[in-house]
Amino acid sequence: NLKSEELCKVYHARNLGYAISSEEELKSIREVALRTGVLFDPVYSGKAIHNFGRHLEDEPEKFGDRVLFWHTGGLFGLWDKQEQLKALLDANTIDGRPDVQPVFDSTLTSSAKL
């Protein structure tokens, strides 16, 4: 008899607060977008993917070979962060192309775990 609490772990990822993004969160959003083509909003799912990556790095033993991150949308939150994201993108280019500096452990981002 397995209980749902044994299958799901809830992490609080609000960090600086609602709709307030840290530079690290925005870097995580940028890295995932450049590596996978999947966009995350900075209000909800961006904070979640940032913290998810941190937990994958810090506690890999708690995760199995297959990990599911359920992306629920929310891309409209990106509009409010245009200036922050533009500055981050402009600062991280080589010859006008994105220079992807891993925010997460490269073994995680190169596999299907992220």
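About the criteria used
Residues numbered from 1 in each chain as written. Predicted model: local features only at pLDDT ≥ 70, side-chain atom pairs only at ≥ 80, totals over all residues. Heavy atoms only, no water. Helix = DSSP H or I, 4+ residues; strand = E, 2+ residues; numbered from the N terminus. Buried < 20%, exposed > 50% of the residue type's maximum accessible area, 1.4 Å probe, protein only. Contact = heavy atoms within 4.5 Å. Areas by Shrake-Rupley, 256 points an atom, 1.4 Å probe, with all protein chains shown as cover. Phe/Tyr/Trp six-rings, centres within 6.5 Å; stacked < 30°, edge-to-face > 60°. pLDDT = per-residue confidence, 0-100. Lys, Arg positive; Asp, Glu negative; His and termini not counted. Salt bridge = Lys/Arg side-chain N within 4 Å of Asp/Glu carboxyl O. Polar contact = N/O pair within 3.5 Å; in protein donor to acceptor, adjacent residues only side chain to side chain. 1 Å grid on protein atoms, 1.4 Å probe; cavity = no way out; pocket = protein on both sides within 12 Å on 5 of 7 lines; lining within 4 Å. Points joined across faces, edges and corners; volume = space filled by probe spheres on them.

J.: So what exactly am I meant to see when it comes to the overall build of the protein here?
T.: Check the secondary structure of the protein and you find 5 helices and 2 strands. Along the protein, from the amino end to the carboxyl end, the secondary structure elements read α-α-α-α-β-β-α. The buried share of the protein, taken over its 114 residues, is 31%. Contacts spanning at least 24 positions in sequence make up 73% of the contacts within the protein whose residues lie at least 6 apart. Summed over its atoms, the accessible surface of the protein is roughly 8,100 Å², and 54% of this surface lies on carbon and sulfur atoms.

J.: What exactly am I supposed to notice about the packing of aromatic side chains here?
T.: Each pair of aromatic rings is reported with the distance of its centres and the angle of its planes. Applying the stated criterion to the full structure yields 4 aromatic pairs. Judged by centre distance (5.2 Å) and plane angle (55 degrees), the rings of Phe 52 and Phe 69 are tilted. Separated by 17 residues along the polypeptide, Phe 52 in helix α3 (residues 45-58) and Phe 69 in the loop between α3 and α4 (82-91) bring together distant segments of the chain. Overall, Phe 52 belongs to the buried group, its relative accessible area being 14%.

J.: Looking at this structure, I do not really get the confidence of the model for the protein. What am I missing?
T.: The predicted model of the protein has a mean per-residue pLDDT of 77, with 76% of residues at 70 or higher. Per-element averaging of pLDDT across the protein places helix α5 (residues 106-109) at the bottom with 48 and α3 at the top with 90. In this model, residues 106-114 is a region of pLDDT below 50 whose contacts with residues beyond four sequence positions or in other chains number 18 contacts.

J.: Honestly, the side chain of Asp 41 in this entry has me stumped. Any pointers?
T.: Structurally, Asp 41 is set in the loop between α2 (23-36) and α3. With no salt bridge to any partner, buried Asp 41 finds its closest opposite charge in Lys 47, at an N-O distance of 8.9 Å. In this structure the side chain of Asp 41 is engaged in a polar contact, spanning 2.7 Å, whose partner is the backbone nitrogen of Tyr 44.

J.: What am I meant to see in the layout of surface pockets here?
T.: The gaps of empty space that remain are located by a probe, the size of a water molecule, rolled over the atoms. In this structure, the largest pocket encloses a volume near 570 Å³. Taken together, 17 residues form the lining of the largest pocket, with Lys 9, Tyr 11, Phe 52, Phe 63 and Leu 68 sitting closest to its centre. Elements represented by at least two residues in the lining of the largest pocket include exactly α1 (4-7) and α3. For the lining of the largest pocket, the element with the most residues is α3, which contributes 4 residues.

J.: Can you help me understand the environment of Phe 63 in this one?
T.: Assignment of secondary structure puts Phe 63 in the loop between α3 and α4. Phe 63 has contacts with Phe 52, His 55 and Leu 56, leaving out every residue within four places of it along the chain.

J.: How should the pattern of salt bridges be read in this particular structure?
T.: Pairing between side chains of opposite charge can happen when their charged atoms approach one another. The tally for this structure, following the rule as stated, stands at 5 salt bridges. Here Lys 27 ties to Glu 23 by a salt bridge, and the two come within 3.4 Å at their closest N and O atoms. Placement of both Lys 27 and Glu 23 in helix α2 is noted, with a separation of 4 residues, approximately one turn of the helix. In this structure, Glu 59 engages Lys 62 in a salt bridge whose closest nitrogen and oxygen atoms are separated by 3.1 Å. Relative accessible area serves as the criterion here: at 56%, Lys 62 is assigned to the exposed category.

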